[in-house]
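As a plain string of letters, each chain reads:
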Amino acid sequence: MTDPQLALTMLGLFIVLVFLGFPIAFTLMAMGIGFGYYAYFDGSRMWRAFERLDETASGWESWTTWLDGFISNRVFDLFVNQTYTVMANEVLTAVPLFLFMGYVVERANIVDRLFTTLNIASKNVPGSMGVAALVTCALFATATGIVGAVVTLMGLLALPAMLKARYDPSFAAGIICAGGTLGILIPPSIMLIVYAAASGVSIVQLYAGAMIPGLILVALYMTYVVTRSILQPSVAPKPTREEVPDVPLGKLLWMIATSFLPLAVLILAVLGSILGGFATPTEAAAIGALGGLILAICYRALTFQRLRESVYLTVRTTAMVCWLFVGSYVFSAVFSYLGGEELISEFVTGLDLTPLQFLLLAQLIIFLLGWPLEWSEIIIIFVPIFLPLLAMFDVDPLFFGVLVALNLQTSFLTPPMAMSAYYLKGIAPPEVKLTDIFKGILPFLAMVFIAMAIVYIVPQSVYYLPEYFYGR
């Protein structure tokens, strides 16, 4: 078996092991070291000292010398170097800070106030409760970036209220599932940080480039909710005065000032400091973490137990991301050394694709990978396979990254593996069936594809803000 064939065997075996349920980060490391041991094997160098031993050497000396030769394979040097490279990556230092901000804000009891306020403020809009739920999801998802937390909290808070207001169960479920996934697209998104670390694209420009496409997707969601509520009023009846009471203007303004504004100011402070060049993403993440703590204190929601939970979850998720990077770096280095990257490049070149066909093929593969895999695994493991091919088809990595971020919305929304649907089903009332949730998700899935088409047709939607802020 030639080295390129061995590289493809390595990739295929990894995919099989993933589907069998093996831990992905440690599978990557084990396969990288295992195949790398073969790739970097040099017996004459590794056991040179062992072969020089004379007959007078003791059994212990012989054993330790042989073992020293066994572990002197260069793949172990590669593993150490790649681990250090990941841990020293300045872009990734923003990840734990943004995670901590999200976990603290999640526990600050702000979502119920925000939803109630927006529900009252938008009561004259068709599908008002759905609009309020969608805006709440978008704001909360942007602040936390944690899809499961947003869908679960909004499912506990907004779904019962919408069902009580006689909303169609599938329509209500679709709004919550779709809104909860926006946090991995709209800055400050952790997914964009991970893509920047994997691709070498400036995270600041990536944040700027993702802003307008993110707002386009939110606008499409809102348009669908309002339009369907007008054309089919039975799915979103107008709320009665008992369901949404009249509130004096002064009291409503105070509710907005104490629920909507604090979260909006926190998000704008983080994004503004990054886009305005006043702080690096890591410094802005630190501002966000401090702001999240201040919010929790102001809402009297900061307890030692909640703080400990936030720190624990931050450390656990950060460790998962870092070990995924370590495993991916080792795996990809060995895969490339064996000639796998060159083989894939030659294969794709031989297909004689246009840039559009290449983008469609790449996005189709990422869409299919989104069924069994998490976004972090797709970004860290599989997206780097496409990155060397971008220059061949004259595709900008910034533009490609925004398309990927949009595409990965579908990984949470595509049946039968739509994770947001399972998050919601876990806390939904028994009368809300999984098939109802899937049915409600599908129109929002169509909105994602429309957003991707708009971004491709109008690439300035990606480039306008980077050019405006940074003269890209």
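Residues numbered from 1 in each chain as written. Predicted model: local features only at pLDDT ≥ 70, side-chain atom pairs only at ≥ 80, totals over all residues. Heavy atoms only, no water.

Under an unreviewed UniProt entry, the name given to the chain is TRAP transporter large permease protein, and the source organism is Fulvimarina uroteuthidis. We quote the UniProt Subunit (unreviewed entry) comment for the chain here in full: "The complex comprises the extracytoplasmic solute receptor protein and the two transmembrane proteins." Here the chain is described in UniProt, under the heading Function (unreviewed entry), as follows: "Part of the tripartite ATP-independent periplasmic (TRAP) transport system." (UniProt positions renumbered as here; feature names shortened; annotations may be inferred.)

As for the side chain of Thr-414
With respect to the helices and strands, Thr-414 occurs in the loop between helix H20 (397-407) and helix H21 (419-425). A polar contact of 2.6 Å, which involves the side chain of Thr-414, links it to the backbone oxygen of Thr-410. Those residues within four positions of Thr-414 in sequence are excluded, and the remaining contacts are Phe-367, Trp-371 and Leu-445. (Helix = DSSP H or I, 4+ residues; strand = E, 2+ residues; numbered from the N terminus. Polar contact = N/O pair within 3.5 Å; in protein donor to acceptor, adjacent residues only side chain to side chain. Contact = heavy atoms within 4.5 Å.)

Some remarks on the nonpolar core
Residues Phe-98, Tyr-221, Leu-263 and Phe-400 are the most contacted members of the largest nonpolar core, which totals 170 residues. Here this core gets 14 residues from one element, more than from any other, and that element is helix H13 (residues 203-231). In contact with Tyr-221, other than residues within four places in its own chain, are Leu-134, Ala-178, Leu-182, Gln-409, Leu-413, Phe-444, Met-447 and Val-448. Formed by 5 residues, the second largest nonpolar core is a distinct cluster that contains Val-104, Ala-108, Ala-289 and Ala-296. (Core = buried A, V, L, I, M, F, W, Y, C linked by side-chain atoms within 4.5 Å. Buried < 20%, exposed > 50% of the residue type's maximum accessible area, 1.4 Å probe, protein only.)

A short note on the packing of aromatic side chains
Under the defined criterion, the tally for this structure stands at 19 aromatic pairs. A centroid spacing of 6.1 Å and a plane angle of 20 degrees characterise the contact between Tyr-464 and Tyr-468, whose relative ring orientation is stacked. Placement of both Tyr-464 and Tyr-468 in helix H23 (residues 460-470) is noted, with a separation of 4 residues, approximately one turn of the helix. Residue Tyr-464 is classed as partly exposed on the basis of its relative accessible area, which comes to 44%. Owing to a relative accessible area of 58%, Tyr-468 belongs among the exposed residues under this scheme. An angle of 85 degrees between the planes, with centres 5.3 Å apart, marks the rings of Tyr-468 and Phe-469 as edge-to-face. (Phe/Tyr/Trp six-rings, centres within 6.5 Å; stacked < 30°, edge-to-face > 60°.)

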